[in-house]
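One-letter residues, chain by chain:
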Amino acid sequence: MLEYVVSKFNFWTYVILVGIGLYAMIGKKNLVKKLIGMNIMQSAVILFYVSIGAKKGGATVPIFMGDAHAAHGHGIHEIIDVASYVNPLPHVLMLTAIVVSIATTGVALAALILIFRRYKTLNEDEILKIRREAGV
Amino acid sequence: MKAIALIAVLMTGGLLIYSIEGLPDWGDPDSPASTHVSPEYIQDALEKTATPNIVTAVLADYRGYDTMGETAVIFTAGIGCVLILRKKRKGKGD
Amino acid sequence: MIWQLDLIICLFVIICAIAAINVKDLLAAVIILGAYSFFMCLLWTNMGAVDVAFTEASVGAGVGTVLFIAAVNRTKRRSKD
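The model shown is predicted, which means the values in this text are computed figures rather than measured ones.

## Topic: the overall build of chain B
Then step 1. In terms of helices and strands, chain B carries five helices and zero strands.
Then step 2. Taken from the N to the C terminus, the helices and strands of chain B come in the order α-α-α-α-α.
Then step 3. For 94 residues, the compact-globule estimate of 2.2 N^0.38 gives 12 Å, and chain B exceeds it by more than 25% at 23 Å.
Then step 4. Referenced to the eigenvectors of the C-alpha coordinate spread, the extents of chain B come out at roughly 65 × 50 × 15 Å.

And the structure:
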């Protein structure tokens, strides 16, 4: 039982976080709360990718120890044990995803400030009511 | 609205939980993601790029154009923020 | 990687996420979101993804929290839900 829980626990966390983020994006009325939900959902997807890249059994950070330049310059071709380094590819992709997510958050916050300047509120229902009364 | 949100969350969560059963175990060294292409990157990165950090080697050497496109995305986002938030000058057109 | 640490930090992450979307004060919600980012960062360090972890710590938790606080500062701080 413990074995089963531990073997899938990160994926369960990912599912719960996606649920929380989706609920905040749909169910909450405040626009900042919706953005917080979007951030939580993005982090959940990144957690999923990094969990796929993890390796048990003594695997460490994907950085080579020792004298790297000497090994390169003199053509010494060491046999590198693949099982001793975690999978680096998901890390690279998620590095890009984090930076892009902060860019989308910045543009969304700028749009949110613009909405507040025009309607003087951040509540979705009140904004829709003002728009309906204005006949838009 | 809360009911719609709960229904959507439950349906999405059910699909994701259904998909969890097909995933490999957490930290399995023999999972498909860890045996298909990543061993070649780990073995060849030091010899081909002379960078000890594999993540940096893949980010800046193997996928350099991807990183350049990412920089373009951030630049566009910054320009967008400036254009959205700037104050309109008075007496100039609309 | 240490699976006991992983379990505990996963629980903290879920608690932080639930707190962040349920707090009425928006500034408190944003700060809890920053704490959530740092717990996420610990989780990734535990799994060996150090590059992702320090990018998240500087960009996600640092710059993201600053942007959110700037936006909340220019708008209203109270929220109805």
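Now, onward.
## Here's the deal with the nonpolar core
Then step 1. In terms of nonpolar packing, the biggest core is built from 76 residues, with Leu17 and Ile36 of chain A together with Tyr36 and Trp44 of chain C touching the most fellow members.
Then step 2. In terms of residue count, helix H4 (residues 89-119) of chain A provides more of this core than any other element does, eleven residues in total.
Then step 3. Setting aside its immediate chain neighbours within four residues, Leu17 of chain A contacts Ile40, Ala44 and Leu47 of chain A together with Val13, Ile14, Ala17, Tyr36 and Met40 of chain C.

## Overview of helix H1 (residues 2-20) of chain B
Residue and element names in this part refer to chain B.
Then step 1. Look at H1: 26 Å from first C-alpha to last across 19 residues, which is about the 27 Å you get at 1.5 Å a residue.
Then step 2. Among the residues of H1, those classed as buried are Ala5, Val9, Gly13, Leu16 and Ile20. Taken down its axis, H1 places every buried residue within 65° of arc, on the same side. In this structure, H1 carries Ile4, Ile7, Leu10, Met11, Leu15 and Tyr18 as exposed residues pointing more than 90 degrees from its buried face.

## A closer look at the pattern of salt bridges
Once the charged atoms of two side chains with opposite charge are near each other, the side chains can pair.
Then step 1. Across all of its chains, the model carries six salt bridges over all chains by this definition.
Then step 2. Taking the shortest distance from any N to any O, the salt bridge between Glu126 of chain A and Lys80 of chain C comes out at 2.7 Å. Of this pair, Glu126 of chain A sits in helix H5 (residues 124-134) while Lys80 of chain C sits in the segment after helix H3 (50-74), on two different chains.
Then step 3. For Lys48 of chain B, the salt bridge is made with Asp44 of chain B, and the minimal N-O distance between the two is 3.9 Å. One end of the pair is Lys48 of chain B and the other is Asp44 of chain B, both in helix H3 (residues 38-49) and four residues apart, which spans about a single turn.
Then step 4. When its relative accessible area of 60% is taken as the criterion, Lys48 of chain B is described as exposed.
Then step 5. By relative accessible area, which is 25% here, Asp44 of chain B ends up partly exposed.

## A look at a positive patch on the surface
Then step 1. The grouping of Arg117 and Lys120 of chain A, Lys87 of chain B together with Arg74 of chain C at the surface amounts to a positive patch.
Then step 2. Looking at Lys87 of chain B, the relative accessible area reads 65%, which means it is exposed.

## Remarks on unusual backbone geometry
Then step 1. Of note, Lys120 of chain A is a non-glycine position whose phi angle comes to about 60°, a positive value.
Then step 2. Checked against the element boundaries, Lys120 of chain A lands in the loop between H4 and H5.
Then step 3. For Lys120 of chain A, a relative accessible area of 56% translates into the label exposed.
Then step 4. The residue Ala50 of chain B is not glycine, and still its phi comes out positive at about 55°.
Then step 5. Considering the arrangement of structural elements, one finds Ala50 of chain B in the loop between H3 and helix H4 (54-62).

## Some remarks on the packing of aromatic side chains
All names here are of chain A.
Then step 1. Scanning the entire structure with this criterion turns up six aromatic pairs over all chains.
Then step 2. For the ring pair Phe11 and Phe48, a centre distance of 5.8 Å and an interplane angle of 65° mean the geometry is edge-to-face. One end of the pair, Phe11, is in helix H1 (residues 2-27); the other, Phe48, is in helix H2 (residues 31-53), with 37 residues separating them in the sequence.
Then step 3. On the numbers, 6.0 Å between centres and 85° between planes, the contact of Phe48 with Tyr49 is edge-to-face.
Then step 4. By relative accessible area, Phe48 is classed as buried at 15%.
Then step 5. Counting every residue linked through ring pairs, the aromatic cluster contains Phe11, Tyr14, Phe48 and Tyr49.

The rules behind these values
Residues numbered from 1 in each chain as written. Chains lettered and ligands numbered in written order. Predicted model: local features only at pLDDT ≥ 70, side-chain atom pairs only at ≥ 80, totals over all residues. Heavy atoms only, no water. Helix = DSSP H or I, 4+ residues; strand = E, 2+ residues; numbered from the N terminus. Rg over C-alpha atoms; globule rule 2.2 N^0.38 Å. Core = buried A, V, L, I, M, F, W, Y, C linked by side-chain atoms within 4.5 Å. Buried < 20%, exposed > 50% of the residue type's maximum accessible area, 1.4 Å probe, protein only. Contact = heavy atoms within 4.5 Å. Expected span 1.5 Å × (residues − 1). Arc of directions from axis to C-beta. Salt bridge = Lys/Arg side-chain N within 4 Å of Asp/Glu carboxyl O. Patch = residues over 30% accessible without salt bridge, like charges linked within 9 Å, V, L, I, M, F, W, Y side chains within 5 Å. Areas by Shrake-Rupley, 256 points an atom, 1.4 Å probe, with all protein chains shown as cover. Lys, Arg positive; Asp, Glu negative; His and termini not counted. Charge placed at Lys NZ, Arg CZ, Asp CG, Glu CD. Phe/Tyr/Trp six-rings, centres within 6.5 Å; stacked < 30°, edge-to-face > 60°.

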